[in-house]
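Descriptive structure summary
The primary structure of each chain is shown beneath.
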Amino acid sequence: MAVYLKRAETVVSLQQLAPESGGNSGITLEPDAPVAGIAWSRLPKYSYACDATPKIARISSATDFARVPDVDDNSEGSGGAVVPSAQATAAAAASAAAAAVSTNKGLKSLASSFTADGFAVAELSDDGNSSSCEGSVVEAGCVPVKSLLDSVLLAMWEERAEQGLFRYDVTACPTKVVPGLYGFVAQLNEGRHSKKRPTEFRVDQVVQAFDPAKFNFTKAFKKEVLFAFEPAAPGLTTSFEDFGRCNSSPNAVLINVSPIDYGHVLLCPRVLDCIPQVFDPSTFLTALHFALEVGNPYLRVGYNSLGAFATINHLHFQAYYLNAPLPCERAPTVPLSSSQLPKRRRPDSAADCAHINTLCDYPVRGWVVEGPSLAAMAQLVGDAARIMQAHNIPHNVLISDCGARVFIFPQCYAKKQAKGLVQEHLLDYQVNPAVWEISGHLVLKRAEDYAGFTEAKAWELLAAVSLTEEELVQVGKLIFAGQGAETAKGT
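So, how was this worked out
- Residues numbered from 1 in each chain as written.
- Predicted model: local features only at pLDDT ≥ 70, side-chain atom pairs only at ≥ 80, totals over all residues.
- Heavy atoms only, no water.
- Axes fitted to C-alpha atoms, helices over the stretch in contact; angles between N-to-C directions.
- Helix = DSSP H or I, 4+ residues; strand = E, 2+ residues; numbered from the N terminus.
- Parallel < 35°, antiparallel > 145°, perpendicular 65-115°, else oblique.
- Left-handed = near helix turned anticlockwise from the far one by under 90°.
- Contact = heavy atoms within 4.5 Å.
- Salt bridge = Lys/Arg side-chain N within 4 Å of Asp/Glu carboxyl O.
- Buried < 20%, exposed > 50% of the residue type's maximum accessible area, 1.4 Å probe, protein only.
- Pairing = 2+ DSSP bridges.

Comments concerning the packing of helix α6 (residues 281–294) against helix α8 (residues 374–390)
Packed helix pairs are characterised by how far apart their axes lie and by the angle those axes make with each other. At a minimum axis distance of 8 Å, the contact between α6 and α8 shows a crossing angle of 135°. The angle between α6 and α8 places the two elements in the oblique class. Crossing handedness for the pair α6 and α8: right-handed. Residue-level contacts link P281, F284, L285, L288, H289 and L292 of α6 to L374, A375, M377, A378, Q379, V381, G382, D383 and R386 of α8.

Right, here's the structure in full:
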């Protein structure tokens, strides 16, 4: 059964983002000014506390979706499940924002509606009243509690939608859960195929030099920037300023003008440093903090390397909301074999705290990294990415469970395609299997493909992306056991 996502009601207006007084110093850019000029300018600014190492807990698994609704909860006979409406997500996220809007105090006043740990005090039921949300989120008719950042992001994204800044209306795209064991999510999005910016880079090189002549995010408009996402100064707590001052190269959160789903944004670490599309432990830690601060299991953060269908060679992570479990989140895992585990590091090393598992019974082979701290996961995944970059291995990465789990998928689809090894009927789908497709959310371009899409077809398409089991073992030894060897050599 198809689902038509509906746009949520606007939560905060741009007028409410205006400063309360005219005494602030700093540059205020015009909406059509390029992002290249935002250094030291005034923008909405979210500052997150990072003095203490946050502890993170896994939320969902293949058998326990206590906070993420299982597709079976909305099944209709053999027709599969319906993806809950994005409108419901935005409405619940706006529960604390409503009070701020009514008093016309702007986004900054939202902070008083949230608890010390950053979660909303109450949620909205279908009739707009508070609800305790007992039992499963589907049975209660509400979605999980939200954070201040969650409300800010949704409100400002909706503002840009009202301004017509997107190339098409993603809320009009039909979406359905495909019947089957894993519940692959299919979407018909004809506008993304015809209006998305084409890639300007080689598909056979993971690392390529930044080229200022080609499109990059410094050429985007200031009106596409939602806010700066920055670590708070030592000793300060999380805060939001609706007219904060940027640093010389802020972590910018922009809208994706060719969205895949509701709330689709881009996180660009140190945007003015013009880092090519490669990440390391420090920039990956920023992405993990973003997932943790949003605190919404419906939002996932993804990354595509060059050669794995990134289309812009300027460092960015993507994030959007999907109100259903992703199939890769359902897949079972087993611990990585001892021969592939990193050698023992120093006892105080954060990397010793991260756990590496191998994904099983899923069409794309990969690993799942879990850890009790963001630092542990950022170090391990960031080091793995640097090794894959050095060995020209295309890869996709998914951050799930509000930062508690990270999926790593090395892939070879573009290489197979270049060698003529991909079957023609798979190419006819016109699907470039990037992180979202690999995770199980497949964006289809033709109505006939959408109407007849099955789990078997999804499995066949994604299996063409995967390394063989032997290749995965070799890459695992390289990026995980190799990490320990490199670290030990330097200590």
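Details of the pattern of salt bridges
Enumeration according to the criterion identifies seven salt bridges in this entry. The salt bridge partner of D32 is K223, with a shortest N-O separation of 2.7 Å. Note that D32 is positioned in the loop between β1 (3–4) and β2 (42–48) and K223 in the loop between α5 (190–195) and β7 (225–231), a separation of 191 residues in sequence. For K223, a relative accessible area of 24% puts it in the partly exposed group. As a salt-bridge pair, D449 and R446 come within 2.7 Å of each other at their nearest N and O atoms. Connected through shared salt-bridge partners, R446, E448 and D449 make up one network.

Points about the pairing of strand β10 (residues 265–268)
A two-sided burial pattern is seen for β10, the buried positions comprising V265 and L267 on one face and L266 and C268 on the other. The sheet contact formed by strand β9 (residues 252–255) and β10 spans four bridges and is antiparallel. Looking at the pairing, A252 lines up with C268 of β10. Alignment of β10 against strand β12 (residues 317–321), held across three bridges, turns out to be antiparallel. Across the sheet, L267 pairs through a bridge with F317, a residue of β12.

So, the environment of E190
You can see E190 is positioned in helix α5. Taking relative accessible area as the criterion, E190 reaches 49% and is therefore assigned partly exposed. When the C-alpha atoms of E190 and R446 are compared, they prove to be 6.6 Å apart, with 256 residues separating the residues in sequence. If we ignore the near neighbours within four places in the chain, the residues touching E190 are L444, K445 and A447.

Overview of the sheet that holds β12
Strand order in the open sheet formed by twelve strands is β8-β2-β7-β9-β10-β12-β11-β16-β17-β15-β14-β13, with mixed pairing between adjacent strands. The strands lining the two open edges of the sheet, one partner per strand, are β8 (239–245) and β13 (333–335). Strand-to-strand twist of the sheet, defined as the mean angle between neighbouring strand axes without regard to direction, takes the value 30°. Inspection of the sheet shows strand β15 (residues 367–370) paired to strand β17 (residues 405–410) by four bridges, in the antiparallel sense. Residue W367 lies in a different strand from β17, and its bridge partner there is I408.

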